[in-house]
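Reading the structure
For reference, the chains in residue letters:
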Amino acid sequence: MGGLLSPLGISFAKQVAASRTFYPMVKRIADKYANICGYRQHGLKYDDLLCEENDTVQKALHRLTPREEYDRAYRIRLATQLSVLHHGLPKEQVLSAEQDQRYLTPLIKEVEQTEEERKILDSAIINRSSH
């Protein structure tokens, strides 16, 4: 779960968040990096950028609520239009870090956990003793 082949890749977020000295420095760098990437200036959230061709992501996308599906499609269409026009959103409409909440990542982790449980159950050996 969450290994190299996962759509989420490797994450050291838990270890960094647990460090009182390391976290503030990494947080500042991460915030600057997210702003430089520019996806928020086009109205996208981080999870909108995940590769949809992955089977795990596809399964997670099917678990979205209809409202989340609509909002995601709207953000992607808006960002595409802004990109074609070489524009960004007005400053008051740019997503803030607080608005850039993960909505798909928890579902991806849930799908990965379900797949891992399925592998374990599928490979279980049942010992039947004759009594």
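To be clear, the structure that these remarks concern was listed above.
It should be emphasised that the depicted structure is a prediction, and the values quoted were computed from it without experimental measurement.

Some words on the side chain of Lys-45
With respect to the helices and strands, the residue Lys-45 is situated in the loop between α2 (22-37) and α3 (55-62). Despite its burial, Lys-45 remains without a salt bridge, the nearest opposite charge being carried by Asp-100 at 6.5 Å. With residues near it in sequence (within four places) discarded, Lys-45 still touches Tyr-39, Arg-75, Leu-95, Gln-99, Asp-100, Gln-101 and Tyr-103.

As for helix α5 (residues 105-122)
Helical geometry: 3.6 residues make up each α-helical turn, so side chains three or four residues apart lie on a common side. For α5, which comprises 18 residues, the first-to-last C-alpha distance of 25 Å matches the rise-based estimate of 26 Å (1.5 Å per residue) to within 8%. The complete set of buried residues in α5 reads Thr-105, Leu-107, Ile-108, Val-111 and Glu-112. All buried residues of α5 lie within an arc of 160° about the axis, which places them on one face of the element. Every exposed residue of α5 that faces more than 90 degrees away from the buried side is listed here: Ile-120 and Leu-121. Buried residues in α5 make contact with α3.

Examining the pattern of salt bridges
Under the criterion given, the structure shown has nine salt bridges. The residue Asp-100 makes a salt bridge to Arg-40 at a minimum N-O spacing of 3.1 Å. Residue Asp-100 is located in the loop between α4 (66-85) and α5, and its partner Arg-40 is located in the loop between α2 and α3; the two are separated by 60 residues in the primary sequence. With respect to class, Asp-100 is no different from Arg-40; both count as buried. When the shortest N-O distance is used, the salt bridge between Arg-118 and Glu-115 registers 3.3 Å. In this pair, Arg-118 and Glu-115 are both assigned in helix α5, three residues apart and thus about one turn of the helix distant. Since its relative accessible area comes to 24%, Glu-115 is described here as partly exposed.

Notes on the packing of α3 against α5
Interhelical geometry of α3 versus α5 gives an angle of 115° and a closest axis separation of 8 Å. Crossing angle aside, the handedness with which α3 passes α5 is right-handed. Residues Thr-56, Val-57, Lys-59 and Ala-60 of α3 pack against Leu-107, Ile-108, Val-111, Glu-112 and Glu-115 of α5. Residue composition of the contact of α3 with α5, grouped by class: five nonpolar, one polar and three charged.

With respect to unusual backbone geometry
Phi at His-86 is positive, roughly 60°, even though this residue is not glycine. Within the secondary structure layout, His-86 lies in the loop between α4 and α5.

Conventions we followed
- Residues numbered from 1 in each chain as written.
- Predicted model: local features only at pLDDT ≥ 70, side-chain atom pairs only at ≥ 80, totals over all residues.
- Heavy atoms only, no water.
- Helix = DSSP H or I, 4+ residues; strand = E, 2+ residues; numbered from the N terminus.
- Buried < 20%, exposed > 50% of the residue type's maximum accessible area, 1.4 Å probe, protein only.
- Lys, Arg positive; Asp, Glu negative; His and termini not counted.
- Salt bridge = Lys/Arg side-chain N within 4 Å of Asp/Glu carboxyl O.
- Contact = heavy atoms within 4.5 Å.
- Expected span 1.5 Å × (residues − 1).
- Arc of directions from axis to C-beta.
- Axes fitted to C-alpha atoms, helices over the stretch in contact; angles between N-to-C directions.
- Left-handed = near helix turned anticlockwise from the far one by under 90°.
- Nonpolar A, V, L, I, M, F, W, Y, C, P; charged D, E, K, R; others polar.

Structural measurements only, silent on function.
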